[in-house]
Amino acid sequence: MKRILYTPLGWLLKALALLPLWVLYRFADVIFFLVWHVVGYRKKVVIRQLTDAYPDKTPREIKLIARRFFRNFADYIVETVKLLHISDAEMRRRFTFSGLEAMDTLIDRDIPIMVLFSHCFNWEWAPSVTLWLKHKPGQKMQFGQVYRPLKNKWMDSLMLRIRSRFNSVNYPMKQVLRELLTAKRDGIHTATGFMSDQKPIYGDVRHVIDFLNHPTPTLLGSAELASKLHMGAVYWDIRKLSRGHYHIDMIHITDDAALMTVTDLTDRYFELLSATIDRDPAIWLWSHKRWKYPYKFAEDGTPIYDSKSVR
């Protein structure tokens, strides 16, 4: 039954992907209208989180940022579908990189790489980095990203296909350490993307920082893994230049994550991410309930779970 239901959807997405982006953006305009003016999908969540993050901004400024966010969100949807049919040449025109030596040098020195990234639009196009680096995916070079498997198996299979468009591999979160250890044993160079801006599982909070004007629990697992494997770390600072055009500047953090404490590496990541978001708040995924389980800082700076503020 599921195959009967999803097969036509797969055909439709493949057909849409054949359309040029300028046509797909007309669909994005419709999606934006429905989400912003009709459905109001998580509109209150976005506005509330923006207001909490930027208390100095006026309600009008917050609304304008929220409106731009939903336009970016609509663009993200059609741009992700386009990955089912887009040429390497067009992608190179639309998604550019600078600071490539930050990764090329680490690969030359046989240092596995941890790429710290985030849910900033359009993160699904970022694996096109393989079109730019001098080291290409192959027998001795493996590019990958860590992901959380989706409950819907059909959608999970579709997203894995999309995320493999530029010859990168996908590591389920629970298997990434084993996969990277296997690659190291086999003499394979690795560069692995970690989307570390997500919230940790409730009950597994070990480090809380001040992020976007919120006491924010952070994930430490990626930094711990990088330390164990002596990975070099780089941060991808992304900008949306215009509709359908993005740029990432690679920022070197360390040649060996083990030379930093796990919390220092995590703090550095969020410091860089804060700068990315502050420059253009509408680029981040505000519809995600990042502070669903809120914390507050006691007078001595100790983070305390604030059960009265649960949303």
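Residues numbered from 1 in each chain as written. Predicted model: local features only at pLDDT ≥ 70, side-chain atom pairs only at ≥ 80, totals over all residues. Heavy atoms only, no water.

Q: Quick question: what am I supposed to make of the side chain of Gln49 here?
A: With respect to the helices, strands and loops of the structure, Gln49 is situated in helix α3 (residues 43-53). With a relative accessible area of 3%, Gln49 lands in the buried category. Filtering out sequence-adjacent residues up to four positions away, Gln49 remains in contact with His214, Trp286, His288, Lys289, Arg290 and Trp291. (Helix = DSSP H or I, 4+ residues; strand = E, 2+ residues; numbered from the N terminus. Buried < 20%, exposed > 50% of the residue type's maximum accessible area, 1.4 Å probe, protein only. Contact = heavy atoms within 4.5 Å.)

Q: What's the story with the nonpolar core in this structure? I'm lost.
A: Most often, soluble globular proteins have nonpolar side chains that are buried together. Core analysis: the biggest nonpolar cluster contains 91 residues, and Met103, Trp236 and Trp286 have the highest contact counts within it. Sort the elements by how many residues they give to this core and helix α4 (residues 59-82) lands first, with 10 residues. When neighbours within four sequence positions are excluded, Met103 is seen to be in contact with Ile113, Val115, Leu133, Phe143, Ala191, Val234, Trp236 and Met250. (Core = buried A, V, L, I, M, F, W, Y, C linked by side-chain atoms within 4.5 Å.)

Q: Sorry, what's going on with the pairing of strand β3 (residues 141-147) here?
A: The side chains of a regular strand alternate between the sheet's two faces. Here β3 lies mainly inside the structure; six of its seven residues are buried. In this structure, β3 lies alongside strand β5 (residues 189-195), joined through five bridges in parallel fashion. Looking at the pairing, Phe143 lines up with Ala191 of β5. Pairing between β3 and strand β4 (residues 169-172): four bridges, direction parallel. Directly across from Val146, in β4, lies its bridge partner Tyr171. Read from β3 through helix α7 (residues 153-163) to β4, the crossover connection turns out right-handed. (Pairing = 2+ DSSP bridges. Right-handed = clockwise from strand over helix to strand, strands pointing away.)

Q: Would you mind going over the sheet that holds strand β8 (residues 232-242) with me for this structure?
A: Neighbouring strands of a sheet are bound in pairs by backbone hydrogen bonds; such pairs are parallel or else antiparallel. Spatially, the seven strands line up as an open sheet ordered β1-β9-β8-β2-β5-β3-β4, and their pairing is mixed. Strand pairing shows two members of the sheet lacking a second neighbour, β1 (95-98) and β4, which therefore form its edges. Neighbour to neighbour, the strand axes of the sheet diverge by 30° on average, direction disregarded. The pairing of strand β2 (residues 113-117) with β5 spans five bridges and is parallel. Looking at β5, one finds that Val115 is bridged to Gly193. Docked against the sheet, helix α10 (residues 262-279) engages β2, β8 and β9 (245-254), running at close to 10° with respect to β8. (Axes fitted to C-alpha atoms, helices over the stretch in contact; angles between N-to-C directions.)

Q: What is the right way to read the packing of aromatic side chains from this model?
A: Ring pairs (aromatic) are described by centroid distance and by the angle formed between their planes. Per the stated rule, a full pass over the model turns up 27 aromatic pairs. With centroids separated by 5.7 Å and ring planes inclined at 55°, the aromatic side chains of Trp36 and Phe70 adopt a geometry described as tilted. Here Trp36 is found in helix α2 (residues 21-39), whereas its partner Phe70 is found in helix α4, with 34 residues between them in sequence. The same class applies to Trp36 and to Phe70, which are both buried. Consider the rings of Phe117 and Trp236, whose centres lie 5.5 Å apart with planes at 70°: the pair is edge-to-face. Residue Phe117 is located in strand β2, and its partner Trp236 is located in strand β8; the two are separated by 119 residues in the primary sequence. Grouping aromatic residues by their ring pairs yields a cluster made of Phe32, Trp36, Tyr41, Phe69, Phe70, Phe73, Tyr76, Phe121 and Trp123. Over the ring of Trp132 we find Arg92; its NZ or CZ atom is 4.0 Å from the centre of that ring. (Phe/Tyr/Trp six-rings, centres within 6.5 Å; stacked < 30°, edge-to-face > 60°. Lys NZ or Arg CZ within 6 Å of the ring centre and 35° of its normal.)

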